[in-house]
Structures are given as structure tokens and as C-alpha cells.
Amino acid sequence: MTLLGVVGGGTMGAGIAEVAVRAGDEVIVLERDQAAADAATARIEKSLARAVKSGKLSDDDSGAALGRLRTTTSITDLGDRELVIEALPEIESLKIGFFADLDKATSPEAILATNTSSIPIIRVAKDVADPSRVVGVHFFNPVPVMPLVEIISSLVSSEHAVETVTTYARDHLGKRTIAAGDRGGFVVNALLVPYLLSAIRMCESGYATKEDIDTGMVNGCAHPMGPLALCDTVGLDVILDVSESLYAEFAEPHLAAPPLLRRMVDAGFLGKKSGRGFYDYSR
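In this text the structure is predicted, and so the values were computed from the model without any measurement. (Residues numbered from 1 in each chain as written. Predicted model: local features only at pLDDT ≥ 70, side-chain atom pairs only at ≥ 80, totals over all residues. Heavy atoms only, no water.)

*Asks:* Which residues make up the nonpolar core, and what values do they have?
*Replies:* Core analysis: the biggest nonpolar cluster contains 33 residues, and Leu4, Val27, Leu83, Val137 and Phe139 have the highest contact counts within it. The residues contacting leucine 83, other than those within four sequence positions of it, are Thr2, Leu3, Leu4, Gly5, Ile111, Ala113, Val165 and Tyr168. Among the nonpolar cores identified, the runner-up in size contains 19 residues, and Leu197, Leu228, Ile239 and Leu240 belong to it. (Core = buried A, V, L, I, M, F, W, Y, C linked by side-chain atoms within 4.5 Å. Buried < 20%, exposed > 50% of the residue type's maximum accessible area, 1.4 Å probe, protein only. Contact = heavy atoms within 4.5 Å.)

*Asks:* Give a description of the sheet that holds strand E3 (residues 69-72) that names residues and reports values.
*Replies:* Sheet architecture is open: eight strands sit in the order E3-E2-E1-E4-E5-E6-E7-E8, paired in mixed fashion. Every other strand in the sheet has two partners, leaving E3 and strand E8 (176-180) as the edge strands with one partner each. When the angles between neighbouring strand axes are averaged without regard to direction, this sheet yields 25°. As paired strands, strand E1 (residues 3-7) and strand E2 (residues 26-30) are joined by five bridges and run parallel to one another. Counterpart to valine 6 in the pairing with E2 is valine 29. (Pairing = 2+ DSSP bridges. Helix = DSSP H or I, 4+ residues; strand = E, 2+ residues; numbered from the N terminus. Axes fitted to C-alpha atoms, helices over the stretch in contact; angles between N-to-C directions.)

*Asks:* Explain the pattern of salt bridges residue by residue, including any values.
*Replies:* Once their charged atoms are close, side chains differing in charge can pair, the charge on each being opposite to the other. Evaluation of the coordinates by the stated rule reveals 15 salt bridges. Among the ionic pairs, aspartate 103 bridges to arginine 133, the shortest N-O distance being 2.7 Å. Highlighted residues: aspartate 103 in helix H4 (residues 92-105) and arginine 133 in the loop between helix H5 (121-124) and strand E6 (134-139), separated in sequence by 30 residues. Each member of the pair, aspartate 103 as well as arginine 133, carries the same accessibility label: buried. (Salt bridge = Lys/Arg side-chain N within 4 Å of Asp/Glu carboxyl O.)

*Asks:* Hey, could you go over the side chain of threonine 2 for me, with residue numbers and the actual values?
*Replies:* Checked against the element boundaries, threonine 2 lands in the segment before E1. Beyond its immediate stretch of four places on either side in the chain, threonine 2 contacts Asp25, Glu26, Glu82, Leu83 and Tyr168.

*Asks:* So, the state of the cysteines: which residues are in play, and what are the values?
*Replies:* Tallied over the full model, the rule gives zero disulfides. The closest cysteine sulfur to the non-disulfide-bonded cysteine 203 is located on cysteine 231, 10.0 Å from its own sulfur. (Disulfide = S-S within 2.5 Å.)

*Asks:* Any chance you could break down the UniProt feature "site: Important for catalytic activity" (unreviewed entry) in the protein for me, citing the residues and the numbers?
*Replies:* Within this numbering scheme, the UniProt entry marks His138 as carrying the feature "site: Important for catalytic activity" (unreviewed entry). Relative to the elements of secondary structure, histidine 138 occurs in strand E6. Histidine 138 gets classed as buried once you look at its relative accessible area, which sits at 4%. In this structure histidine 138 touches Asn115, Thr116, Ser117, Leu148, Val149, Glu150, Ile152 and Asn189, once residues within four positions along its chain are discounted. A polar side-chain atom of histidine 138 sits 2.7 Å from a polar atom in the side chain of glutamate 150. (UniProt positions renumbered as here; feature names shortened; annotations may be inferred. Polar contact = N/O pair within 3.5 Å; in protein donor to acceptor, adjacent residues only side chain to side chain.)

*Asks:* With reference to specific residues and values, describe helix H1 (residues 11-22).
*Replies:* At 3.6 residues per turn, the α-helix brings residues three or four places apart onto the same side. Taking 1.5 Å of rise per residue, 12 residues should cover 16 Å, and H1 covers 17 Å from first to last C-alpha, within 8% of that figure. Along H1, the residues classified as buried are Gly13, Ala14, Gly15, Ile16, Ala17, Glu18, Val19, Ala20 and Val21. Looking one or two residues beyond H1, the residue adopting positive phi is glycine 24, at roughly 105°. (Expected span 1.5 Å × (residues − 1).)

*Asks:* Requested: an account of the packing of helix H7 (residues 188-205) against helix H8 (residues 210-221), with residues and values cited.
*Replies:* Working note: a packed helix pair is described by the angle between its axes plus the distance between those axes. Look at H7 against H8: their axes get within 9 Å of each other, and the N-to-C directions meet at 140°. As H7 packs across H8, the resulting crossing turns out to be right-handed. Judged by residue contacts, Tyr195, Ala199, Met202 and Cys203 of H7 engage Lys210, Ile213 and Met217 from H8. Taken together, the residues of the contact of H7 with H8 break down into six nonpolar, no polar and one charged. (Left-handed = near helix turned anticlockwise from the far one by under 90°. Nonpolar A, V, L, I, M, F, W, Y, C, P; charged D, E, K, R; others polar.)

*Asks:* Tell me about the environment of leucine 255, and please be specific about residues and values.
*Replies:* Here leucine 255 lies in the loop between helix H10 (236-250) and helix H11 (259-266). What makes leucine 255 buried here is its relative accessible area of 4%. Counting along the chain gives 57 residues from leucine 255 to serine 198, while the straight-line C-alpha distance between them is 9.1 Å. Setting aside anything within four residues of it in sequence, one finds leucine 255 in contact with Pro194, Leu197, Arg201, Ser243, Leu246, Tyr247 and Phe250.

Encoded structure:
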């Protein structure tokens, strides 16, 4: 059993907390206020209920998992945690500021991990007194279903911290882990996001319809989902944040966010979570 803290109870944070309580960990989820904390609990309860309904989890196991979960609005409650995983929005300044606070609130022996999908780890760790205890642990959405976790070590991450989180994700949570260096996008998003941006540009230019783009990649390349449907699933705001992070890192034109992506985010068309993205999910 691990004493785990999860910062942020949104889609990613709730998913991480769920797989951890199902694995037997005592988990505290930190949220900004009680309404957000209650929403995080509701997300986890709903996901566990789906697992019970599908026969993947028993009622007793679901109840036991929920018994190992609690929420808080006070960062000081993370003081006894052995591992803390941050799952805040993909905003560099937000993560940097929070890690400075987390550094003061946690034990010096605790490992601090960020679930960033693109921001270099050393930047997140720069205001931590001992940045060697900071690593990247990038889960994929939906966390209970997706098997992969990227483990990212910065130039100063300790071997102990990297080995600990790798063993935790692989042996305790049952995930498949891969190691990545500390450069924007790591492995998966460095390859995936330029492809998604190219699909958005193709749609934006009128070269092909969104349906034909997605159908082409599903039926021509055996992808399980087309790129524009995948953008809707991930969240167009997330795609924009990752694109901006990659462009800041490499300054290559193909990594710049297309105007259509920016306008859709401006309009609140974020994909499935908002009910509308490239496709309409309101019905």
C-alpha cells in the first residue's frame, strides 16, 4: 500500500486516484474548493459503478476502493504522503507555482510527480528545494483503460525517484511503462500532436472533410479512431496547450497551433467534454 496524494480531481486526476484505490492505496485528492472535491468524488464513483456494471469489479471491491479515498481542500493534508502526483491543467506557470507550495507542504523524502503531457520536468521542478525528487509520470486518458505510463526523468531526477515511480506504475498499478528524456512532448505527444495538427490544417483548408479524414485513417491505417475524433476525445484545449508547449520548445512551424484550433477553443468547442468539437455530442 502506498500513501498517495493526487492534486486535481478532473478527468486525469480522478482516473489516477481510481486506479490507485483499486490497487489498495490510501489516496487523498486535493482540490481547490469543496464543490470541486465533491465533483471529483462523483467522477470516481461513476467510473467504479461502470466497472461494476460491466462485471470488471464486484460491489464489495468497489465499496472498499471508495473507503480508501478521501478529498481535501488543504495542501497540508498531503504532509504524510509518500508520493504525490500533480494533475493540474497543462499551464506551465500554474504547475511551477504549485510545486513551490507542494515542496513546503510535503516531507523531503516524498517523491513529487507531474502528470504533464508536454512541459519539461526541470521547469516544473525549478522552484523545488531538492529537484531530484521531481519526476514526470504521464498517464493517458482514460486512465483506468489506457495501459501506458511515460516515466520522464529530468537532468537532475534521482535514480531512486525514477525507479520508485516506475516500479509503482508497472508492478503496483499494472501499467506498461516507457522511459522518456526531458524534452517537450516526451515520446507519445512528440509524435502524436504534429499528426493531429496536420489533420486540423487539412480540415481547415477544405482539402478534405472531417469525416473523410477520420475515415481515411481508420480504414487506411487501421487506427482505432480518426485524428479529429481523437482531438475531441482528448479535448481541444489540451491539444492547444500541448501544441503551444511544443512550439515553445522547438519553434518549428508544423508545431504551431492552426487558427481553427484556437477559434474552436475560444468558442468553447472543446470536444466531448463540452458537447461539441469537430463533432456534435449534444444529442
